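# Breakdown of the fold
Chain residues, written in single-letter form:
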Amino acid sequence: MYFLDEEVSFVGEDITEAYNDLRMFFDGATNFKGVGIGAVLVSETGQHYHVSAKLRFPCTNNMAEYEACILGLNMAIEMNVHELLVIGGSDLLMHQVQGEWATKNSKILPSLHHVQELRKRFTKIKFRHVPKIQNELADVLATLSSMIQHLDKNYIDPILVSILNQPAYCAHVKE
């Protein structure tokens, strides 16, 4: 269904609701210059903590979204966060992580399993899809990271994981 005003189609979504701990926004961007990911943690008081990286392996938009989510979840875990509202523009990722939609792409399965494992590190975690307009900061971080040439810092290399005997990529930032 087509809506002239994208926000009208999301009347029920309220990302400003009170939440005991942090909210995490994430996004991935793929373009002709490369692939970038970004995540932003926002505290109850409005303090922003952000991270971004350039991926140095080819991947689809959906794979970039998963990598961005993993990057943000890892940052929240490192900050000892126990309750988290995860907010992103990938409806596919949100439904797959919550077990509502099946995952047919075997390249995404390792990332999905990684996110599900990271979920276990939180006492309370919710996932919420929002339109791109409500995810602007994470989108900008991802887009900038995809376009900027990093000098041997803030990039992510592929690693091999033996899940279903398929090569997979997981976010490990080089510093």
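Every residue gets a number counted from 1 within its own chain, in the order that chain's sequence is written. Predicted model: local features are reported for residues with pLDDT of at least 70 only, side-chain atom pairs are reported and counted for 80 or more only, and whole-chain, interface and lining totals are derived from all residues. Side-chain descriptors were evaluated using all non-hydrogen atoms of the structure, hydrogens and water having been removed beforehand.

## Let's talk about the overall build of the protein
For clarity, the threshold we go by: Helix and strand assignments come from DSSP, with helices taken as H or I runs of at least 4 residues and strands as E runs of at least 2, each series counted from the N terminus. Only protein chains enter the calculation, and the probe is 1.4 Å; a residue is then buried if its accessible area is under 20% of its type maximum, exposed if over 50%, and partly exposed in between. By definition in these notes, contact holds between two residues if any of their heavy atoms fall within 4.5 Å. Only the protein chains shown count as cover for residues, and the accessible areas themselves come from Shrake-Rupley with a 1.4 Å probe.
Counting its regular elements, the protein contains four helices and seven strands. Order of helices (α) and strands (β) in the protein, N terminus to C terminus: β-β-β-α-β-α-α-β-α-β-β. By residue count, 44% of the 175 residues in the protein fall in the buried class. The long-range fraction of contacts in the protein, counting pairs at least 24 apart against all pairs at least 6 apart in sequence, stands at 67%. When the accessible surface of the protein is split by element, carbon and sulfur atoms take 52% of a total near 9,700 Å².

## So, the nonpolar core
Generally speaking, a soluble globular protein has its nonpolar side chains buried in company with each other. To be explicit about the condition: Only buried residues count toward a nonpolar core, which is a set of Ala, Val, Leu, Ile, Met, Phe, Trp, Tyr and Cys residues joined through side-chain atoms within 4.5 Å.
With 36 residues, the main nonpolar core has Phe 26, Cys 69, Leu 73, Leu 84 and Val 86 as its most contacted residues. Contributing elements (two or more residues each) for this core: strand 1 (22–31), strand 2 (34–42), strand 3 (48–55), helix 1 (61–78), strand 4 (83–88), helix 2 (91–97), helix 3 (109–119) and strand 5 (124–129). Ranked by the residues each element gives to this core, the list is headed by helix 1, at eleven residues. Residues within four places of Val 86 in sequence aside, it is in contact with Met 24, Phe 26, Cys 69, Leu 73, Met 94, Ile 125, Lys 126, Phe 127 and Arg 128.

## A look at the pairing of strand 1
Our working definition: Pairing between two strands requires that DSSP report at least two bridges joining them.
Of all the ten residues making up strand 1, eight are buried; the element is thus mostly covered by neighbouring parts of the structure. By the bridge criterion, five bridges tie strand 1 to strand 4 in an arrangement that is parallel. Bridging from a neighbouring strand, Arg 23 pairs with Leu 85 of strand 4. Pairing between strand 1 and strand 2: nine bridges, direction antiparallel. Residue pairing for strand 2: Met 24 is matched across the bridge by Leu 41. Count of turn residues in the strand 1/strand 2 antiparallel hairpin: two residues.

## Quick word on the confidence of the model for the protein
A low pLDDT means the predicted coordinates there should not be read in detail. Note the following rule: You can read pLDDT as the predictor saying how much it trusts each residue, on a scale of 0 to 100.
Considering every residue of the protein, the mean pLDDT works out to 80; 73% of them sit at 70 or more. Considering only residues more than four positions removed or in separate chains, one finds that residues 1–13, a stretch of pLDDT under 50, has nine contacts. Between residues 159–175, whose pLDDT stays under 50, and residues either more than four places distant or in other chains, the model counts 38 contacts.

## Quick notes on unusual backbone geometry
Residues other than glycine seldom take positive phi values, yet Asn 80 does so here, at roughly 60 degrees. Relative to the assigned elements, Asn 80 resides in the loop between helix 1 and strand 4. Accessibility expressed as a relative area gives 54% for Asn 80, which makes it exposed.

## Considering a nonpolar patch on the surface
Applied cut-off: Exposure above 30% relative accessible area and the absence of a salt bridge qualify a residue for a patch, where like charges join within 9 Å and nonpolar side chains (Val, Leu, Ile, Met, Phe, Trp, Tyr) within 5 Å. Salt bridges are counted wherever a side-chain nitrogen of Lys or Arg sits within 4 Å of a carboxyl oxygen of Asp or Glu.
A cluster of nonpolar side chains, namely Val 140, Leu 144, Met 147 and Ile 148, defines an oily patch on the protein surface of about 330 Å² accessible area. By secondary structure assignment, the location of Leu 144 is in helix 4 (residues 136–147).

## Considering the side chain of Ser 145
Put simply, the rule reads: Two N or O atoms form a polar contact when they lie within 3.5 Å of each other; inside protein one atom must be a possible hydrogen donor and the other a possible acceptor, and for residues adjacent in sequence the pair counts only when both atoms belong to side chains.
Mapped onto the secondary structure, Ser 145 falls in helix 4. Using a relative accessible area of 4% as the deciding quantity, one classes Ser 145 as buried. Side chain to side chain, Ser 145 and Ser 52 meet in a polar contact 3.0 Å long.

## Quick notes on the pattern of salt bridges
Tallied over the full model, the rule gives two salt bridges. Note that Glu 117 is salt-bridged to Lys 120, the shortest N-O span being 2.9 Å. Of the charged contacts, one joins Asp 139 and Lys 132 as a salt bridge, the two residues approaching to 3.8 Å between their closest N and O atoms.

## What about the packing of helix 1 against helix 3?
For the record, the criterion: To get an axis, a line is fitted to the C-alpha atoms, and for a helix only the part in contact is used. The angle between two axes follows their N-to-C directions and goes from 0 to 180 degrees. Oblique is the label for any angle not covered by the other classes, which are roughly parallel (under 35 degrees), roughly antiparallel (over 145) and roughly perpendicular (65 to 115). Take the far helix as the reference: if the near one is turned anticlockwise from it by less than a right angle, the crossing is left-handed, and if turned clockwise, right-handed. Polar here means any residue outside two lists: the nonpolar Ala, Val, Leu, Ile, Met, Phe, Trp, Tyr, Cys and Pro, and the charged Asp, Glu, Lys and Arg; Gly therefore counts as polar.
It is at 10 Å that the axes of helix 1 and helix 3 come closest, and there the two elements cross at 20 degrees. On the basis of the axis angle, helix 1 is roughly parallel to helix 3. Relative to helix 3, helix 1 is oriented so that their crossing is left-handed. Two secondary-structure elements touch here, helix 1 through Tyr 66, Glu 67, Cys 69, Ile 70, Leu 73, Asn 74 and Ile 77 and helix 3 through Ser 111, Leu 112, His 114, Val 115 and Leu 118. Tallied by class, the residues present in the contact of helix 1 with helix 3 amount to eight nonpolar, three polar and one charged.

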